[in-house]
Amino acid sequence: MANERDKIDPPSYDRMQILADVLAIVESDYVEPVETQALIEGALQGALAKLDPHSGYVPPVAFTEQVKAARREYGGLGIEVTMEEGMIKINYALEDGPAFQAGIRSGDFITAVEGESIVGKNLDEAVEGIRGLAGDPVIVTVMSPETGTRDLTVVRQKVRGRAIRHRVEDGLGYVLIESFNNTKLTDDLTKAINELKAELGDPLPGLIIDLRGNRGGLLTQSVSVSGLFLDGGEVLSVRGRQDVDTERYHAEDGELLPGTPIVVLVSPGSASAAEILAGALQDRGRAVVVGRRSFGKGSVQSVIPMPGKRGALRLTTQKYYTPSGKSIQGRGIMPDFLVSAFDDTGELRRRFREDSLPNALINIDASEYEEDYDAVTFPPETFPETEDFQLKTAVDVLKSSQYQTLLDAQSDLD
């Protein structure tokens, strides 16, 4: 039996013939010579761009380079640095990174790389010699307050960035998730929460999860991170064109912080995996969401190589849905408490979101989902510009009866 993709009905064939005729006329009559391959690739890109902003055609050469780049392993030392007094200052060293293993610690300074002084260079120039292929050694001259100056040979490794930043915020736990593109995110978050419990006591009096500006990342990490705060049950469903394409993802039994009040901070820059986490905790009545409506990236793209090494398609094949069955696409996650980070200008500032993009997929849920200006809480005129109004509001919510009121409102809405 022939594959469905191999069946071309007469009307489709006629339209393909029109495309071929147009290309032929352009090749022969356009004012300047054109490359046939470029025309065809442009036609493919244009056709796929009409579907949605995330679908497209990747030409053979570009696809080959992308595959190579994905396999290529560049290495680093696992450090976060700044320039101070003409030297590289170590602000943070990953515990499982090569620099930490070689004895480099936060507060140390790198003064030379491979015997060449970095004094007088800007930061990019200074760290250029540190970067290289994983497995290659590099000699760095390190100055430490306790041990003086010494040369260390550090073998570059493929290192991951820091996934979590955490601290105590006004007597509450605070974690900032920078990206879900980190296979150790769930482990790092678990460690951070345990450190907060050791400092504040168990159970934690409250936890703030900051997802503002988080562009998402790995679906697996969004599910496992959600599972830290849920006692089993659905985290999300991923649905395709056919019912058979539906996949459901569940949290494991046993949550890390049973009973601890949680506030999730979101912004128009919170997208994809960040929206999965916020939507799951909101839908399951496990957290109050504070901030501004999120980005609305609720679609999944598959990379489909074309036969004969003729490039690949990046094609939208599925959509994300929250546990209650609401599509994230175009709508995003609406906070339980709308709070602005900026002063009141008299109207809502226009934010760049998924539904701002050309040909964005329309959410079939036609209910009103725009932010209500009258419902937004703005910073008072006297609020210091150097402070974080949304974070302060999250703290106030957790420390007052407003938290339970907002949770109850979620149940009433459901």
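Residues numbered from 1 in each chain as written. Predicted model: local features only at pLDDT ≥ 70, side-chain atom pairs only at ≥ 80, totals over all residues. Heavy atoms only, no water.

Where helix H6 (residues 185-200) meets helix H7 (residues 219-227), the axes come as close as 9 Å, and the angle between the chain directions of the two elements is 25 degrees. The angle between the axes of H6 and H7 places the two elements in the roughly parallel class. The two elements H6 and H7 meet at a crossing, and its hand is right-handed. Contact residues: Leu185, Thr186 and Leu189 in H6; Gln221, Ser224 and Val225 in H7. Grouping the amino acids of the contact of H6 with H7 by side-chain chemistry returns 3 nonpolar, 3 polar and no charged. (Axes fitted to C-alpha atoms, helices over the stretch in contact; angles between N-to-C directions. Helix = DSSP H or I, 4+ residues; strand = E, 2+ residues; numbered from the N terminus. Parallel < 35°, antiparallel > 145°, perpendicular 65-115°, else oblique. Left-handed = near helix turned anticlockwise from the far one by under 90°. Contact = heavy atoms within 4.5 Å. Nonpolar A, V, L, I, M, F, W, Y, C, P; charged D, E, K, R; others polar.)

Two elements, strand S5 (residues 109-113) and strand S8 (residues 137-144), share 4 bridges in a ladder whose sense is antiparallel. What sits directly across from alanine 112, in S8, is threonine 141. Here S8 pairs with strand S9 (residues 148-155) via 8 bridges, running antiparallel. Looking across to S9, one finds that threonine 141 is bridged to aspartate 151. Taking the residues that link successive antiparallel strands as the turn, the S8-S9 hairpin has 3 residues. (Pairing = 2+ DSSP bridges.)

A few words on the nonpolar core. Counting residues in hydrophobic clusters, the biggest one holds 40 residues, and the most contacted among them are Ile177, Leu207, Ile209, Phe229 and Val264. For this core, the elements supplying multiple residues, two or more each, are strand S11 (172-177), H6, strand S12 (207-210), H7, strand S13 (234-239), strand S15 (262-266) and helix H8 (273-283). With 7 residues, the top contributor of residues to this core is H8. Discounting chain neighbours no more than four positions away, the residues touching leucine 207 are Gly173, Tyr174, Val175, Ile193, Leu196, Phe229, Leu257, Thr260, Pro261, Ile262, Val263 and Leu398. (Core = buried A, V, L, I, M, F, W, Y, C linked by side-chain atoms within 4.5 Å. Buried < 20%, exposed > 50% of the residue type's maximum accessible area, 1.4 Å probe, protein only.)

Moving on, we get to unusual backbone geometry. Following aspartate 202, the chain continues to proline 203 via a peptide bond in cis, the omega torsion being 10 degrees. Position of proline 203 among the secondary structure elements: in the loop between H6 and S12. Unusually for a residue other than glycine, glutamate 114 sits at a positive phi of about 55 degrees. Structurally, the position occupied by glutamate 114 is in the loop between S5 and strand S6 (116-117).

Now for the sheet that holds strand S16 (residues 288-291). If you walk across this open sheet you meet the 6 strands as S10-S11-S12-S15-S16-S19, and the pairing is mixed. Either end of the sheet is taken by a strand with one partner, and the two such strands are strand S10 (164-169) and strand S19 (337-338). In the sheet, S11 pairs with S12 via 4 bridges, with the strands oriented parallel. Following the sheet pairing, valine 175 is matched in S12 by isoleucine 209. Sitting on the sheet, H6 is in contact with S10, S11 and S12, with an inclination near 15 degrees to S10.

Now for the pattern of salt bridges. Going through the model one piece at a time under the given rule, you end up with 20 salt bridges. Its salt-bridge partner being arginine 293, residue aspartate 355 comes within 3.7 Å of it at the nearest N-O pair. One end of the pair, aspartate 355, is in the loop between S19 and helix H9 (389-398); the other, arginine 293, is in the loop between S16 and strand S17 (299-305), and 62 residues separate them in sequence. Since its relative accessible area comes to 2%, arginine 293 is described here as buried. When salt bridges with common partners are traced through the structure, they connect Glu80, Arg165 and Glu178 into a single cluster. (Salt bridge = Lys/Arg side-chain N within 4 Å of Asp/Glu carboxyl O.)

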